[in-house]
Amino acid sequence: EKKLVLDVDTGVDDAQAIMMALAAPNVEVLGITCVSGNTSLENSCRNTLRVLKVCQRLEIPVFSGAAEPLVGHPLSAGSFHGQDGLGDAPDPDAPGLELLQTEGAVEAIIRLVNENPGEVCLVAMAPLTNLALAVKIDPTLPQKLKGLFIMGGNTDSRGNTTVCGEFNFAADPEAAYIVLNRFFCPTYIATWEFCCENKLPWSFCDNWLAQDSDKARFMKSIFKHTTDTVATCARYQREMTAGPGFVSCDSYAMAAAIDDSFVWVSEPVAVTVELQGTYTRGMMVLDKLGVLEKEHQVLIMRTVDLESFKGMLMDSLK
Ligand code: BDR
Ligand code: CA
């Protein structure tokens, strides 16, 4: 059985990825740690509990983490995910925040990994603040991890938030830098370009959401804001280099964590993050020539077996 810890800023695609993990056979979700990102920390926690409620899995512990990036102020992705982070389709009976664990997210990451040395994969689908703080407190953490799956960064200068920055890295560049320079464990990265190049046809999304289940009805309600937004968003349309479709970013990292035989990756490459540039702060930098002489190299995801990926998404709403 695979043991996963999920680090999330629960917006719409985080919700999709969490549901995918919960539905996957042979996966045990040890805990879900929340951070501010797509929405405030409080919304991120509440949204995570809402997802667990719909899936009837409120026994999974949820931990509250960093409310802001290491440096500067939080970015918001409200225009894309809705002001509440979940498409502004509130649940009047949403679980209360008293269901959160009293232990903090950073402490929980350290504890869960240390209790299961060599067994845990971290799936990081948000600004990397919690992970960066965890490795600062416990520098031995990476060597005890089985793997790290990150949704974030980019392989060329294509951003989705700043000119050259993908949201999760741009929202906390210092944290992304720390993680990419300290987590010396097998690392897979689902970059923004990779996600855009492996998008889901809208016709699939229609079938996916038309399933007769509470989970599908929930997903349909939180997803409406996304479909309305992308239909009118010129920037999103420009991303659709290989035809239209939906990019469920965090789900790709999750799919790889569940079964890495579904993804094809690049040759290992050393990566870091730009912390200075006026236009490039938060951009992932690939050290293709090995100039930095870093030993640790990561695997950049290139393609996914789209049929298997669709199957996982379908099953997640059954
Ligand atoms: C990433 O940023 C967030 O908006 C999504 O949840 C995803 O983690 C995509 O750039
Ligand atoms: Ca996310």
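The shown structure was predicted, so the numbers you read here are calculated from the model rather than taken from an experiment. Along each chain, the written sequence defines residue order, and numbers are assigned to residues from 1. Ligands are numbered from 1 and chains lettered from A, in the order in which they are written. Restriction of local features to residues with pLDDT of at least 70 applies here, the model being predicted, together with a cutoff of 80 or more for giving and counting side-chain atom pairs; totals for whole chains, interfaces and linings are based on all residues.

### As for the overall build of the chain
- Helix and strand definitions here come from DSSP, where helices need a minimum of 4 consecutive H or I residues and strands a minimum of 2 consecutive E residues; each element is numbered from the N-terminal end. When its secondary structure is counted, the chain shows 14 helices and 10 strands.
- Over its C-alpha trace the chain gives a radius of gyration of 18 Å, about what one expects of a compact globule, namely 20 Å for 318 residues.
- The principal-axis extents of the C-alpha atoms in the chain amount to approximately 55 × 45 × 40 Å.
- In the chain, buried positions account for 52% of the 318 residues.
- Across the chain, every contact between residues at least 6 apart in sequence was considered, and the portion connecting residues at least 24 apart equals 83%. Note that the radius of gyration is over C-alpha atoms, with the globule rule given as 2.2 Å times the number of residues to the power 0.38. With C-beta atoms placed from the backbone, the exposure class of a residue follows from how many other C-beta atoms lie within 10 Å of its own: 20 or more, buried; 12 or fewer, exposed; in between, partly exposed. Contact between two residues is assigned whenever their backbone-derived C-beta positions fall within 7 Å.

### Some points on the site of ligand 1
- Nearness here has a simple definition: the residue's C-beta atom, placed using the backbone, must lie within 6 Å of the molecule or strand. Lining the immediate environment of ligand 1, one finds 15 residues, of which Gly11, Asp13, Ala77, Phe167 and Cys249 sit closest.
- Contributing elements (two or more residues each) for the shell around ligand 1: helix H1 (12-23), helix H7 (167-170) and helix H13 (249-258).
- Its residues placed into classes, the shell around ligand 1 shows 7 nonpolar, 4 polar and 4 charged. Amino acids outside the nonpolar list (Ala, Val, Leu, Ile, Met, Phe, Trp, Tyr, Cys, Pro) and the charged list (Asp, Glu, Lys, Arg) are all regarded as polar, and Gly is one of them.

### Things to note about unusual backbone geometry
- The residue Gln56 is not glycine, and still its phi comes out positive at about 55°.
- Here Gln56 shows up in the loop between helix H2 (41-54) and strand E3 (62-64).
- Even without being a glycine, Asp88 presents a positive backbone phi close to 50°.
- By secondary structure assignment, the location of Asp88 is in the loop between helix H3 (78-81) and helix H4 (105-115).
- The class of Asp88 is partly exposed, set by 14 C-beta atoms lying within 10 Å.

### Section: the sheet that holds strand E7 (residues 263-265)
- Strands sit in the order E3-E2-E1-E4-E5-E6-E10-E7 across an open sheet of 8 strands; the sheet is mixed. Whereas interior strands pair on both sides, the edge strands pair on one side only; in this sheet they are E3 and E7. Pairwise comparison of adjacent strand axes, ignoring direction, gives a mean angle of 25° for this sheet.
- Sheet topology note: the strand E5 (residues 145-151)/strand E6 (residues 187-190) ladder contains 4 bridges and is parallel. Only strands that DSSP links by at least two bridges are regarded as paired with each other. Comment: axis = line fitted to C-alpha atoms, over the contacting stretch for helices; angle = value between 0 and 180 degrees taken between N-to-C directions.

### Some thoughts on H13
- Within H13, 10 of the 10 residues are buried, which leaves it mostly tucked inside the rest of the structure.
- Among the residues of H13, those classed as buried are Cys249, Asp250, Ser251, Tyr252, Ala253, Met254, Ala255, Ala256, Ala257 and Ile258.

### A closer look at the packing of H4 against helix H5 (residues 129-137)
- As a packed pair, H4 and H5 sit with axes 9 Å apart at the nearest point and diverge in direction by 60°. Taken as axis vectors, H4 and H5 run oblique relative to one another. Between H4 and H5 lies a crossing whose hand is right-handed. Taken together, the residues of H5 that come into contact with H4 (itself represented by Ala105, Val106, Ile109 and Ile110) are Asn130, Leu131, Leu133, Ala134 and Ile137. Any angle that falls under 35 degrees is termed roughly parallel, while one over 145 is termed roughly antiparallel, one within 65 to 115 roughly perpendicular, and all others oblique. By convention, the crossing between two helices is left-handed when the near helix turns anticlockwise from the far helix through less than a right angle, and right-handed when the turn is clockwise.

### What to know about H2
- Helix length check: H2, at 14 residues, gives a terminal C-alpha distance of 20 Å against a target of 20 Å (1.5 Å per residue), a fit within 8%.
- Among the 14 residues of H2, 12 are classified as buried, and the element is accordingly described as predominantly covered.
- Among the structural elements, strand E1 (2-8), H1, strand E2 (27-34), E3 and helix H11 (214-232) are those in contact with the buried residues of H2.
- Looking one or two residues beyond H2, the residue adopting positive phi is Gln56, at roughly 55°. One fewer than the residue count of a helix, multiplied by 1.5 Å, yields its expected span.

### Some points on the pairing of E1
- Most of E1 is tucked away, with 5 of its 7 residues classed as buried.
- Viewed along the sheet, the connection from E1 through H1 into E2 turns out right-handed.
- As paired strands, E1 and strand E4 (residues 120-124) are joined by 5 bridges and run parallel to one another. Residue Leu4 lies in a different strand from E4, and its bridge partner there is Cys121. Crossover handedness is defined here as right-handed if the route from the first strand over the helix to the second strand goes clockwise, with the strands pointing away from the viewer.

### Regarding the environment of Asp212
- You can see Asp212 is positioned in the loop between helix H10 (202-209) and H11.
- It is 36 Å that separates the C-alpha atoms of Asp212 and Ile300, two residues lying 88 residues apart in sequence.

### Some thoughts on the nonpolar core
- Counting residues in each nonpolar core, the largest one holds 107 residues, and the members touching the most others are Val123, Ala190, Tyr252 and Ala253.
- Ignoring any residue separated from it by four or fewer positions in sequence, one finds Ala253 in contact with Val123, Met125, Phe149, Ile150, Met151 and Ala190. Among buried residues, those of type Ala, Val, Leu, Ile, Met, Phe, Trp, Tyr and Cys that are joined through C-beta atoms within 7 Å form a set called a nonpolar core.

### Considering the packing of H1 against helix H14 (residues 306-316)
- Between H1 and H14, the least distance of the axes is 8 Å, while the angle of their chain directions is 85°. The angle between the axes of H1 and H14 places the two elements in the roughly perpendicular class. Between H1 and H14, the residues in contact are Gln16, Met19, Met20 and Ala23 and Met312, Leu313, Asp315 and Ser316, respectively.
- For the contact of H1 with H14, the class distribution of residues is 5 nonpolar, 2 polar and 1 charged.

### Points about the environment of Asp315
- Mapped onto the elements, Asp315 comes out in helix H14.
- Asp315 sits in the partly exposed class, given 14 other C-beta atoms within 10 Å.

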